[in-house]
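Structure assessment
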Amino acid sequence: MRGCAIPLLQSGRPGTGRFCSRELICKLMTLRLFNTLSGQVDELAPADGLELRMYACGPTVYDYGHIGNFRTFLQVDVLRRFLGLTGVRVRHVMNITDVDDKIIRNAAAAGIPISEYTAKYVAAFFEDLEALRVERPEQIARATEHINEMVQLIERLAAAKAAYKAEDGSWYFRLKAFPEYGKLSKKDLSGMEDGARVDLDEYEKDSARDFALWKAAKPGETSWETPIGRGRPGWHIECSAMAMGYLGESFDLHAGGEDLMFPHHENEIAQSETATHKPFARHWMHVRFLLVDGKKMSKSEGNFYTLRDLLLKGYKASAIRLALISVPYRHQHNFTFDGLIEATAAVDRLRTFWRRLKDGSFAEGENPDIQTQATKAREEYFAALANDLNTAEARAPIFDLLRASNTAMDEGKFFASDRDAVLQVLGDFDRVFGVIEDQDAELTKLAIAWAEENGRQAEIAPELRARIALSDEEVEALVAERTQAKKMRNFARADAIRAELAEKGVAIEDSKDGVRWKRK
Ligand code: AMP
Ligand code: ZN
């Protein structure tokens, strides 16, 4: 069993080197996560006791990702950050699908090679992940760089008589070779027709068909010359080959959005387990959809927003992150602008509180009520996340603690030890939620620069430019100048600075702990 990495809080003095007892807190920290394969909530821990090996399906880079896609990546980020917080080492692999029907079609229409076409969207994808503070997986695997592994897997399936070559040179997986087909999605596939084929990567048929592993080259299409013929891989074989290549034939967890469960993940299992005769992933996590007015947010419905759309409307990256992770992954999330406004206010409260804790001066001592609340908040926070990553329940005790601490500070009943204890709780919170550090103005500036470079100036909300006119350092300098002006009894200058800050979207508040400021 793994050791416990969380320092004990009950003493009220973090950093004293005491660690919580395994029975008590490790129980709180062992993640129990719904497993689509078993149909129940199972404990998730590394099978080898050392490192949790996980694979998450990444994007198809034919366009900018929308925030529905990012909901899935963010929820996987919550998973990996929580594992990290509880001391579990993670080896996380994510693929980039950089060859598929849409990419080939769009690149041909633009008259450029697919690598040139996808480069722009790969770069944009990583910029968006960074803006949303999604931690980088340990390994990024691009499909076009793993063609050999895919071909070898198809050869292995052919040797086992589970793959066959059709008249046109394409290769198909013979579904009848895998009697367990349907075990993940729990679809009843008894009416399955032997030999009926489908070469689309995405299909929603209830009666499954033999699916394409390798698509024979068509004139003018990108293709690779290989021992199984000239062509390109199907989508499903990519993930099987890359997951097993980096993580081994059996690994701990496989994740993706709920739409991938069938046929993509079902096909991955069929290919991999037929080739290896070993269980592929033990645990399957599926993130439910982000909806708009009850419908899946998707490119084809046209009801989608990209991260850049929202930044240019004036929403902050941190608020978008918080909104997208605050509905637990097992629930569908109906996207609304009210939800973003609520998240914006929540981020502001957290940051204002954080600054108050950091900058305030507190007398030595402790308030037993705050100490008790901090311990309770922390336990509830860990317990909620360990309970199938319930982010909504995990947030609640943190905001209760924030409220209680603010009241205690207002009443002069908040002391140095309380500050240490509360900062530690907030640190654990932010290790997963990742919204306290403020990079929003910088990110909005980048989005504006991108819009200007791409002829999308019309999408920039007019009030946005004024709002980001000042950097944090410039605000700090003006705040300091105002404090100095007041000391010198130059109230006219002090008022002028306040007015200038207000015009540029910065509110300042004088308190007995000093001056606080925040962006409106
Ligand atoms: P794609 O780039 O289409 O392959 O999708 C990347 C990831 O986003 C996959 O894991 C999808 O399941 C997921 N995804 C697509 N649409 C949504 C949505 N509306 N809500 C949540 N996840 C989604
Ligand atoms: Zn995949």
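It should be emphasised that the depicted structure is a prediction, and the values quoted were computed from it without experimental measurement.

What counts, and at which threshold
Residues numbered from 1 in each chain as written. Chains lettered and ligands numbered in written order. Predicted model: local features only at pLDDT ≥ 70, side-chain atom pairs only at ≥ 80, totals over all residues. Heavy atoms only, no water. Helix = DSSP H or I, 4+ residues; strand = E, 2+ residues; numbered from the N terminus. Rg over C-alpha atoms; globule rule 2.2 N^0.38 Å. Buried < 20%, exposed > 50% of the residue type's maximum accessible area, 1.4 Å probe, protein only. Contact = heavy atoms within 4.5 Å. Areas by Shrake-Rupley, 256 points an atom, 1.4 Å probe, with all protein chains shown as cover. Lys, Arg positive; Asp, Glu negative; His and termini not counted. Charge placed at Lys NZ, Arg CZ, Asp CG, Glu CD. Patch = residues over 30% accessible without salt bridge, like charges linked within 9 Å, V, L, I, M, F, W, Y side chains within 5 Å. Salt bridge = Lys/Arg side-chain N within 4 Å of Asp/Glu carboxyl O. Core = buried A, V, L, I, M, F, W, Y, C linked by side-chain atoms within 4.5 Å. Expected span 1.5 Å × (residues − 1). Near = heavy atom within 4 Å. Polar contact = N/O pair within 3.5 Å; in protein donor to acceptor, adjacent residues only side chain to side chain. Nonpolar A, V, L, I, M, F, W, Y, C, P; charged D, E, K, R; others polar. Pairing = 2+ DSSP bridges. Axes fitted to C-alpha atoms, helices over the stretch in contact; angles between N-to-C directions. Donors = N, O, S within 2.8 Å, 3.2 Å for Na, K, Ca; no water. Phe/Tyr/Trp six-rings, centres within 6.5 Å; stacked < 30°, edge-to-face > 60°. Lys NZ or Arg CZ within 6 Å of the ring centre and 35° of its normal. 1 Å grid on protein atoms, 1.4 Å probe; cavity = no way out; pocket = protein on both sides within 12 Å on 5 of 7 lines; lining within 4 Å. Points joined across faces, edges and corners; volume = space filled by probe spheres on them.

Quick word on the overall build of the chain
- Per the secondary structure count, the chain includes 17 helices and 18 strands.
- For 520 residues, the compact-globule formula gives about 24 Å, and the C-alpha radius of gyration of the chain, at 26 Å, lands near that figure.
- Projecting the C-alpha coordinates of the chain onto the three principal axes gives extents of approximately 90 × 60 × 35 Å.
- Per-residue burial for the chain yields a buried fraction of 56% across its 520 residues.
- Of the contacts formed within the chain by residues at least 6 apart in sequence, a portion of 75% connects residues at least 24 apart.
- When the accessible surface of the chain is totalled, it reaches about 22,300 Å², and 50% of it is carbon and sulfur.
- A distance of 2 Å separates the average location of the 72 positive side-chain charges in the chain from that of its 81 negative side-chain charges.

What to know about unusual backbone geometry
- Residues phenylalanine 262 and proline 263 are joined by a peptide bond in cis, for which omega reads 0 degrees.
- For proline 263, the position within the fold is in helix α7 (residues 261-276).
- The phi dihedral of lysine 161 falls on the positive side, at around 65 degrees, and the residue is not glycine.
- Among the secondary structure elements, lysine 161 is positioned in the loop between α5 (147-159) and β6 (163-165).

Comments concerning a negative patch on the surface
- The grouping of Asp359, Glu442, Glu473, Glu474 and Glu476 at the surface amounts to a negative patch.
- Considering each element in turn, the negative patch owes the most residues, three residues, to helix α16 (residues 472-487).
- Here glutamate 476 shows up in helix α16.

Some details on the nonpolar core
- Within the largest apolar cluster, 149 residues are counted, with the highest numbers of intra-cluster contacts made by Leu79 and Tyr381.
- Broken down by element, the residue count for this core peaks at 10 residues, all from helix α2 (residues 67-85).
- Among residues more than four places away in sequence, those in contact with leucine 79 are Leu31, Leu33, Leu44, Met54, Leu253, Met285 and Leu389.
- Judged by nonpolar contacts, the second largest core, of nine residues, contains Leu470, Val475, Val479 and Trp517.

Brief notes about α5
- In this model, α5 (13 residues) spans 18 Å end to end at C-alpha, consistent with the 18 Å of a helix rising 1.5 Å per residue.
- Taken from the residues just after α5, lysine 161 is the one with a positive phi, measuring 65 degrees.

Here's the deal with the site of ligand 1
- Every one of the 17 residues lining ligand 1 counts as a neighbour, but Gly68, Thr72, Asp259, Leu290 and Met297 are closest to it.
- A distance of 3.0 Å separates a nitrogen atom of ligand 1 from a polar backbone atom of glycine 68.
- A total of 490 Å² of accessible area belongs to ligand 1 in isolation, and the protein chains cover 90% of it.
- Sorting the residues of the shell around ligand 1 by element identifies α2 and β12 (251-257) as the ones contributing at least two each.
- In terms of residue count, the dominant contributor to the shell around ligand 1 is α2 (four residues).
- Tallied by class, residues from the shell around ligand 1 come to six nonpolar, eight polar and three charged.

Comments concerning the pattern of salt bridges
- Per the stated rule, a full pass over the model turns up 39 salt bridges.
- With its nearest N and O atoms 2.9 Å apart, the salt bridge here joins arginine 142 to aspartate 98. Residue arginine 142 is found in strand β5 (residues 139-142), and its partner aspartate 98 is found in the loop between β4 (89-96) and α3 (101-110); the two are separated by 44 residues along the sequence.
- Of the residues examined, aspartate 98 reaches a relative accessible area of 2% and is grouped as buried.

Focus: the sheet that holds strand β13 (residues 281-287)
- Taken together, the five strands give an open sheet; going across it, the order is β5-β4-β3-β12-β13, and neighbouring strands pair in parallel fashion. Since the sheet does not close on itself, it has two edges, and those belong to β5 and β13, each with one partner. Sheet twist, expressed as the average angle between the axes of neighbouring strands with direction ignored, equals 20 degrees.
- Bridge count between strand β3 (residues 51-56) and β12: three bridges; the pairing is parallel. By the bridge assignment for β12, methionine 54 is matched with leucine 253.

What about the coordination of the zinc ion (ligand 2)?
- Every protein donor of the zinc ion (ligand 2) is accounted for by Cys57 (SG), Cys239 (SG) and His264 (NE2), and the metal-donor separations fall at 2.1 to 2.2 Å.
- Read in sequence order, the donor residues coordinating the zinc ion (ligand 2) give the pattern C-x181-C-x24-H. Taken together, the positions of cysteine 57 in the loop between β3 and α2 and cysteine 239 in helix α6 (residues 235-247) put the pair 182 residues apart, joining distant regions of the chain. Take cysteine 57 and cysteine 239: they sit in the same class, and that class is buried.

Describing the packing of aromatic side chains
- Applying the stated criterion across every chain, the model contains 22 aromatic pairs.
- Seen in terms of ring centroids, phenylalanine 70 and phenylalanine 73 are 6.0 Å apart; in terms of plane orientation they differ by 65 degrees. Their pairing is edge-to-face. Linking phenylalanine 70 with phenylalanine 73, this pair stays in helix α2, spanning three residues, or about one helical turn. Phenylalanine 73 carries the same exposure label as phenylalanine 70, and that label is buried.
- It is lysine 187 that lies over the ring of phenylalanine 262; its NZ or CZ is 4.7 Å from the centre.

Points about the pairing of strand β18 (residues 514-519)
- Pairing between strand β17 (residues 506-511) and β18: six bridges, direction antiparallel. Bridge pairing in β18 places serine 511 opposite glycine 514.
- Between the antiparallel neighbours β17 and β18 lie two residues.

Let's talk about the layout of surface pockets
- Considering only enclosed or pocket space, the second largest pocket measures out at about 260 Å³ in volume.
- Lining the second largest pocket are 14 residues, with Glu127, Arg308, Leu443, Leu446 and Ala447 positioned closest to its centre.
- Elements supplying a minimum of two residues to the lining of the second largest pocket: α4 (114-131), α8 (307-312) and α14 (440-453).
- In terms of residue count, the dominant contributor to the lining of the second largest pocket is α14 (six residues).
- Along the lines of polarity and charge, the residues of the lining of the second largest pocket split into eight nonpolar, one polar and five charged.

With respect to the sheet that holds strand β15 (residues 295-296)
- Read from one edge to the other, the open sheet built from three strands follows the order β15-β14-β16, with strand pairing classed as mixed. The sheet is open, and its two edges are formed by β15 and β16 (333-334), each paired on a single side.
- Pairing of strand β14 (residues 290-292) with β15 involves two bridges; the strand directions are antiparallel. Paired with valine 292 across the strands is lysine 295, a residue of β15.

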